[in-house]
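Architecture and fold: a report
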Amino acid sequence: MRRGLFIAAVLVQALVLVAWSAGLEWELAGAERIRLEVVQRDPRDLLRGDYVSLQYVIADIPLETIVGARPDYGDRLWVTLRLQDNVYALAAASRAPVTPGPGQRVIVGRVQSLSNTSGRPEVHLVYGIERLYVPEGRGGLPRGRVEAEIALAEGGRPFLTRVFVDGHRYPSEAR
């Protein structure tokens, strides 16, 4: 009896993990790929392993571009993007879900902070795609134009798929 319960508990846990993983893979497979411009940041954390910390240009949004009431810490924002110079750039932001126009995409982020840099109020967003884990010893972005390829699922949920430096994939596949 106990053995049967143990096997059933293990199978239920395995089934939950497989279903969760399959759901994420299904969402990622149907997601559209876009590119976002990345700002250089310090990439090291000795306690967490090798990763590159990514700061997106669309993370800092002027308060006047946000439709609706002033957002607060933790609020979700729907950011409308438009294609500009082969990367997607900020078009508008809203506290309510929006339907993108032709040639536009929507990404969802959370308000991390409100600031008043350079005399204009801004909202800093996080999208959940700010870390790129790399093979050990390969941390640190080389200098150059950095772009991130993002898979945008239905509803604006982003998935970081890869990073490019001056048009070349980072880290490169060759060792």
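One structure accompanies this document, and this report is about it.

Analysis parameters
- Residues numbered from 1 in each chain as written.
- Predicted model: local features only at pLDDT ≥ 70, side-chain atom pairs only at ≥ 80, totals over all residues.
- Heavy atoms only, no water.
- Salt bridge = Lys/Arg side-chain N within 4 Å of Asp/Glu carboxyl O.
- Helix = DSSP H or I, 4+ residues; strand = E, 2+ residues; numbered from the N terminus.
- Buried < 20%, exposed > 50% of the residue type's maximum accessible area, 1.4 Å probe, protein only.
- Core = buried A, V, L, I, M, F, W, Y, C linked by side-chain atoms within 4.5 Å.
- Contact = heavy atoms within 4.5 Å.
- Pairing = 2+ DSSP bridges.

1. Here we look at the pattern of salt bridges
Between side chains of opposite charge, a pair can form as their charged atoms come close. Going through the model one piece at a time under the given rule, you end up with nine salt bridges. Salt-bridge contacts for Glu-27 lead to Arg-157; the nearest nitrogen and oxygen are separated by 3.1 Å. Pair noted here: Glu-27 is in helix H1 (residues 2-29) and Arg-157 is in the loop between strand S11 (146-152) and strand S12 (158-165), with a separation of 130 residues, a long-range link. Residue classification places Glu-27 among the partly exposed positions, given a relative accessible area of 24%.

2. Some thoughts on the nonpolar core
One finds Leu-36, Tyr-56 and Tyr-127 to be the most contacted residues of the largest nonpolar core, which totals 32 residues. Taken together, the elements giving at least two residues each to this core come down to strand S1 (32-39), strand S6 (76-84), strand S7 (87-94), strand S8 (104-117), strand S9 (120-126), S11 and S12. Sort the elements by how many residues they give to this core and S11 lands first, with four residues. Excluding residues that lie within four positions of it along the chain, Leu-36 makes contacts with Tyr-56, Ile-58, Leu-81, Val-87, Tyr-88, Ile-107, Val-146, Glu-147, Ala-148 and Ile-150.

3. Remarks on the pairing of S12
When S11 meets S12, the two strands line up antiparallel, connected through seven bridges. Paired with Val-146 across the bridge in S12 is Val-165. Between S12 and strand S13 (residues 168-170), which pair antiparallel in sequence order, lie two residues; one of them, Asp-166, sits at a positive phi of approximately 50°.

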